[in-house]
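# Observations on the three-dimensional arrangement
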Amino acid sequence: MDTLTWLFSQKASSTTLQQLQELKFYVHDQEHTVNTSDLPPETSLNTYLRKYSHLTGTKYMCLEGGCGSCVVAATVMDPVTNREVIIAVNSCLVPIYSCSGWKIHTSESIGNEKSGYHPVQQKLVQFNGTQCGFCSSGMVMNMYALYESGNFTMKDVENSFGGNMCRCTGYRPILSAFKSLAADASSDLLGKCADIEDIRVCKKTQGQCKQNCLTPCIKRSQAHYYDFGKSRWVKVFSVNEIFDVMKSSPDASYMLVGGNTATGVYKRTKEPDVYIDITSVKTLLEHSISNDSLVLGANMSLTNAMNLFYKLAKEDSKFSYLENLGDHIDLIANVPVRNTGTLAGNIFTKHEYQQFPSDIFLILETVGATLTIVGIDQQEVTKNLVDFLSFDMKHKIIKSITLPSLDASYKYESYKIMPRAQNAHALVNAGFLLKLDDSNKVESARIVYGSINPSFIHAQNSEAYLTGKNLFENETLQGVFETLDKELVPDFVLPDPPPEFRKQLAIALMYKFILSITPDDKKSARNKSGGAKLVRPVSSGTQDYETNESLYPLTQPIPKLEALAQCSGQAKYIMDMHDEPGQLYGAFVLAKATACSVISKIDTTEALKLPGVVAFYDKNDIPGENNFMPKKASDLFSVPEEIFCSGVVKYYFQSVGLIVATSQEIAENAAELVNVSYVEGKETPYFTIREMIAKNPEGKINLAVKVEAKSKGSDVKHVIKGKFDVSWQYHYQMETQCCAVIPGEDGLDIYPSTQSLNLAQTSAANALNIPVNKINVFVRRIGGAYGSKISRNSLVSCAAAIAAYKLQKPVKLQMSLITNMNVIGKRNPCAADYEVGVDEKGSIQYLNISVYSDIGSEGGNEAVISELVYVLTFIYKSDNWNINAYYAKSDNHTATWCRAPGTVEAIGLAEVIMQHIAFTTNLDPIQIRRENLKENQADLTKHLDDLIQWADIEKRKQEIEEFNKANRWVKRGIASVIMTFPMYIFGNWYAHVSIYQGDGTVSVSHGGVEMGQGINTKAAQVCAYALGIPLNQVSVKPSNVLVTPNCMSTGGSLTSEAVAYAILKCCDTLKERIKPVKEKMKDPTWAELIYQCHLEYVDLCASYMYHAALPDVKSYPVHGATCVETEVDILTGLYQIKRVDLIEDAGNSMSPEIDIGQVEGAFIMGLGYWTSEQIIFNSEGELLTNRTWTYKPPGVKDIPVDFRVKFPKNNPNPIGVLHSKATGEPPLCMAICVPLAIRDAVASARSDADSTADRWYNIDGPSSVENTFMNSLNNYKQYTI
Ligand SMILES: Cc1cc2nc3c(=O)[nH]c(=O)nc-3n(C[C@H](O)[C@H](O)[C@H](O)COP(=O)(O)OP(=O)(O)OC[C@H]3O[C@@H](n4cnc5c(N)ncnc54)[C@H](O)[C@@H]3O)c2cc1C
Ligand code: FES
Ligand code: FES
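Rules used throughout
- Residues numbered from 1 in each chain as written.
- Chains lettered and ligands numbered in written order.
- Predicted model: local features only at pLDDT ≥ 70, side-chain atom pairs only at ≥ 80, totals over all residues.
- Heavy atoms only, no water.
- UniProt positions renumbered as here; feature names shortened; annotations may be inferred.
- Helix = DSSP H or I, 4+ residues; strand = E, 2+ residues; numbered from the N terminus.
- Polar contact = N/O pair within 3.5 Å; in protein donor to acceptor, adjacent residues only side chain to side chain.
- Contact = heavy atoms within 4.5 Å.
- Pairing = 2+ DSSP bridges.
- Axes fitted to C-alpha atoms, helices over the stretch in contact; angles between N-to-C directions.
- Near = heavy atom within 4 Å.
- Areas by Shrake-Rupley, 256 points an atom, 1.4 Å probe, with all protein chains shown as cover.
- Nonpolar A, V, L, I, M, F, W, Y, C, P; charged D, E, K, R; others polar.
- Buried < 20%, exposed > 50% of the residue type's maximum accessible area, 1.4 Å probe, protein only.
- Salt bridge = Lys/Arg side-chain N within 4 Å of Asp/Glu carboxyl O.
- Expected span 1.5 Å × (residues − 1).
- Parallel < 35°, antiparallel > 145°, perpendicular 65-115°, else oblique.
- Left-handed = near helix turned anticlockwise from the far one by under 90°.

For the chain, an unreviewed UniProt entry supplies the name Indole-3-acetaldehyde oxidase and the organism Ignelater luminosus. In UniProt, the chain has this text filed under Subcellular location (unreviewed entry): "Peroxisome". For the record of the chain, the UniProt heading Subunit (unreviewed entry) holds the text "Homodimer."

With respect to the element layout, H32 can be found in strand β3 (residues 30-35). Within the structure, H32 has its side chain in polar contact with the side chain of Y48 (distance 2.7 Å). Not counting the four nearest positions on each side in its chain, H32 is found in contact with L23, K24, F25, Y26, V27, Y48 and S53.

Turning next to the sheet that holds strand β34 (residues 970-983). Spatial strand order, β19-β42-β41-β40-β34: 5 strands in an open sheet with mixed pairing. In the strand order of this sheet, the two ends are held by β19 (540-544) and β34, each with one partner. Across the sheet, the mean angle separating the axes of adjacent strands is 15° when strand polarity is ignored. Relative to strand β42 (residues 1202-1206), β19 is paired through 5 bridges, and the arrangement is parallel. Across the sheet, residue D544 finds its bridge partner in β42, namely K1206.

Right, let's get into the site of ligand 1. Of all residues adjacent to ligand 1, which total 33 residues, the nearest are T261, N299, T342, D359 and K416. In this structure, an oxygen atom belonging to ligand 1 sits 3.0 Å away from a main-chain N or O atom of A262. Note that a nitrogen atom of ligand 1 is positioned 2.9 Å from one of the backbone N or O atoms of I398. Surface burial for ligand 1 is 95%, taken as the share of its 980 Å² of free accessible area covered by protein chains. Among the elements of the structure, β9 (254-257), α12 (335-340), α13 (343-352) and β15 (396-403) are those that each provide at least two residues to the shell around ligand 1. Sort the elements by how many residues they give to the shell around ligand 1 and α13 lands first, with 4 residues. Here the residues of the shell around ligand 1 are counted per class, giving 17 nonpolar, 13 polar and 3 charged.

The positions that UniProt labels "binding site: Mo-molybdopterin" (unreviewed entry) are, in the present scheme, Q755, R899 and G1052. Their sequence span is 298 residues, while the largest C-alpha to C-alpha distance among them is just 12.7 Å; these annotated residues converge on one region. Positionally, Q755 belongs in the loop between β28 (747-752) and α23 (757-768). Given the relative accessible area of 2%, Q755 is considered buried. Polar side-chain contacts of Q755 include one of 3.5 Å to the backbone nitrogen of S788. By secondary structure assignment, the location of G1052 is in the loop between β38 (1039-1040) and α32 (1055-1080). According to the relative accessible area criterion, G1052 is partly exposed, its value standing at 25%. Not counting residues within four places of it along the chain, the set of residues in contact with G1052 comprises M983, F986 and E1225.

Tallied over the full model, the rule gives 67 salt bridges. Put simply, E413 and K533 hold a salt bridge, and the shortest N to O gap is 3.1 Å. Of the two residues, E413 sits in strand β16 (residues 410-417) while K533 sits in the loop between α18 (499-517) and β19, which places them 120 residues apart along the sequence. On the basis of relative accessible area, E413 is assigned to the buried category, the value being 15%. One salt-bridge network, held together by shared partners, links R690, K723, D725 and D833.

An α-helical turn contains 3.6 residues, so a residue and the one three or four places further along point in the same direction. With 19 residues, helix α34 (residues 1152-1170) ought to run about 27 Å at 1.5 Å a step, and its terminal C-alpha atoms sit 27 Å apart, in line with that. Of all 19 residues making up α34, 19 are buried, and the element is well covered by its neighbours.

Looking now at the packing of helix α4 (residues 119-126) against helix α7 (residues 172-179). Running from N to C, α4 and α7 point in directions that differ by 140°, and their axes come no closer than 8 Å. Of the possible angle classes, the one that applies to α4 and α7 is oblique. For the crossing formed where α4 meets α7, the hand is right-handed. Here V120, K123 and L124 of α4 lie close against α7, whose contacting residues are I174, A177 and F178. Residues of the contact of α4 with α7, tallied by class, amount to 5 nonpolar, no polar and 1 charged.

As structure tokens, then:
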């Protein structure tokens, strides 16, 4: 009898534990029963829904609560109120055994084609809030929970999506869609809907139904447990029962399961022997007020705590400070995490990991809260939070948290400075509580900081210093800042920001707090706004475009064809494919050694012993070439790239081999058990361009393009030198790289998440050494790509194909987010040094640029340096420019194309140089651009002139100037950029159109890949338009290599147009064939005509290949102009994008809502690149920002507060397909305007700080909060009242 069995069979306690074999809950209105023998206790709700219930509408990506793709809604019983509440939860974090009695709602169940769609689904479709659709189910379900919970405002909507990431849309349409359902929905939202045929409305939710039309859930209130042999799950209902379980198994490891969300921050490495589910222990959830103190059950959820705080703050002035606590909790994690995550779970995590920058710990310790801790012996002790950290918590629980009441003499505030607006942990957090007497003397002080170092909590010396001092005196301020300066000693642990920033920020927060409580008559008017936090209004957006009704459905603003399927979980991705009989899973074994190390041994003994492990393959097992970028696939590829490391490690985390096992989890666990030994290599690795420039190691930096000036001006009044350094950008496609391979009688069927079917096919055949026609590739859609799946998926598809081929078994390979980020290359880093001489008007006399683009260790196939130089010199007079352009070969993962590769750096660099000139010469930045533009730029300047008027730039500039004069610590900035994006014409793509004799409906297949850009919708619109039939008669089928072989990868913004062209040609051919029949008939319907054609043996399918050598296919420029206004809080480095006006020359858009989506999404991806997205490696080249906890693309509240997009009217592209232009990439290039606008604001602070300081500062990575704060020249000596 094992220990646990013995313990549970003893009557060691008063609790009678009933053993249950089955767990019951509902998924929508269907009862589900789970047998304990089928599912281990660590099974998540997500795994259950997807794998066991085949409800694959719910997705997953990060598995740590950070992306929102897994969000579902659940109706649960609140044990305190005994009422049902509906909440959004992260199904990836919820253990299935927590779900007893729950009613779970998924995107499939709330509305579908059969029963009708829920209003939330309808709105997301109508507002075109889906692109790749991978985030859509999570978005819908998060909103569903809010919708079904009752009345909500636009502000509530906007605040609720911090945990739902979307890389495609830029969020604006999602927010518009959901805000249109709010009680206070603005009239523009109520009136605006993209054209769509009638969507069937769910009968249950017609009108404003708030009822749950579900059968009652199962209720249980007696302690019970599930036995899994090695472990147990015990559900308890009282504190005593918790201890009874502990008593009955004193040696067992245990976990008190609250929301189980802490594992999203610190992954559990070992599962406990006993899970004690405490979610129904009423004592731990209730609150009471006694002796003027508020006592909270320790396991109150963060959401409930927040709501309670807001309520009490209103009701009782002694608790008015709780409003600030509520606001602080609002900045923790995101709504679904807060719905299940608890106060005690958070504090206990701090107990376990003292480096955890816990916000709950911070705010509770600041107000002097205490914890009541009960032990197994029923003894209660009260601890303050500091003492708790070193208190032995074995067999003890936090029972309650007591918060004091505070009268008006107490001044409380707390701050959380994050890299983005929501869903990020603190760079620094701070809490301040001062008690002041009537003469403003400090009677007591509590100053608490997080993220300084693991042991730092109170700034004790500063607390002591302040006590007894008169607060609102500059001398006191300087004294406390100096004391803080001495006692704050931040550690330096990458990827956290540097110590100096954190120290200075901490001091600035103290100043901000003091300003916030200083009476107005005591502080200077200019300092006043420094005491306030940035307030973000509810965002809005306008989209201005014209359509031509006579061409409908062409130019018609319609939502994506697949949108309803995406919103109702019907749209299938590769990860959703059902398991085949004998299904196996793969996981890469990665080199955990610095680049240039040499593999000496691979020991798989332990891994292969793990039950379920089937095989391990490495370089020796590849039947063909160890190269996933074979030249055979494309002339573009000249550098072989290894599938599995051949000996010398090319980069940290290179793939060494593949473990194949019966489940993904086993494969991943086994991959960690493969022991790879290394010896030091001969070469020294280099990880940054600047390091390589400094040391110039042989072969690392190579001149790629040299442009010599033809002339040089002599009127040099200013010489300006600058640097422009930008780093990697992770694509952040929500569907990580994956591939499913099924061997069969005709070779292998491959389902890769690729932008290039041809590469997947050819590289797999090459690696297996089998004929290309033995590889059949199919792609229906992919869950976002942005360039990441042009070439990089080939690594995954080759590895999966090798395993499937060797084993003759189906193999799925889906990278975890961490592996995906570790292995897969990103946007090329770029560095440039420039020196420019200009005359008085800012006209360039000479410009010398050295520019370097990092291609990574095996790079070269996707070098962007030539394009970069081409675009750099595209619009500005460049006869007097010298350019030396190099590619730099670092020892990082191989750089890969990322939306607007090369172009974004080129346009960024050119615009930065123009802005730098303007700053130095003190001339109007727009004028500087005009001064340096090439001749004949009327098309471009037309848009610039339009922008100046439309955005009212001159007036706003003046207002900003006034504002900046009047405010020392909050600054505003404005910047404008222009863009010409040269659209290259390349490649070839097929389209195939078939008309069915049965009813005249039409199917289209094309060689592009639907990845969110709306290629299928445009294809259908063009086809319907060309054939003159309704849109709903056209269906677009998955792409495959039989019908559309040898196609170029989908990318470069071009494919939609290319496919449209090919479809037009197919339709021309078909119409030509149909014409003679039609002429013989009298007013036939389309169906009659087609049927007659069939009878007369008319060929009703046509194929056409678009290619770059066609005479009427020509390159063209895409112009644009953008103005951005920012507001920067100088004392924190936080900023807000107040307004963006963006003009994009889209020609005659074939599908304006789709194109608006491309423009907004691309701009926000650029916004992230230039602000919050930071890739950080350690000195060994190991990636440290490889999860949602550390890598921060923009969220909903990072987008412009006011986002206006306009497509110029009457603007056909004379040489474009159907007069349109591409939209996928160009707008990203205009996002450079964001760091320029931030610089414009910061420049004012720099001048205020030091009148001699250069107003400009170099581009050195993203204009992050840290970068912005440090460049604002904050100096506490200037912090006065
Ligand atoms: C995406 C994400 C972002 C986040 N961002 C932030 C952030 O910005 N700031 C921040 O402060 N936090 C953040 N968190 C942490 C979050 O607040 C915690 O995960 C949550 O509060 C933990 O509560 P839980 O109930 O889920 O704990 P669980 O995961 O259920 O438990 C965690 C630990 O606490 C123990 N425990 C639970 N209850 C008790 C008790 N009563 N007595 C003793 N031990 C107990 C458990 O045994 C376990 O060891 C984030 C979390 C996620 C997933
Ligand atoms: S998969 Fe659950 S939040 Fe990302
Ligand atoms: S539509 Fe949101 S991630 Fe693609």
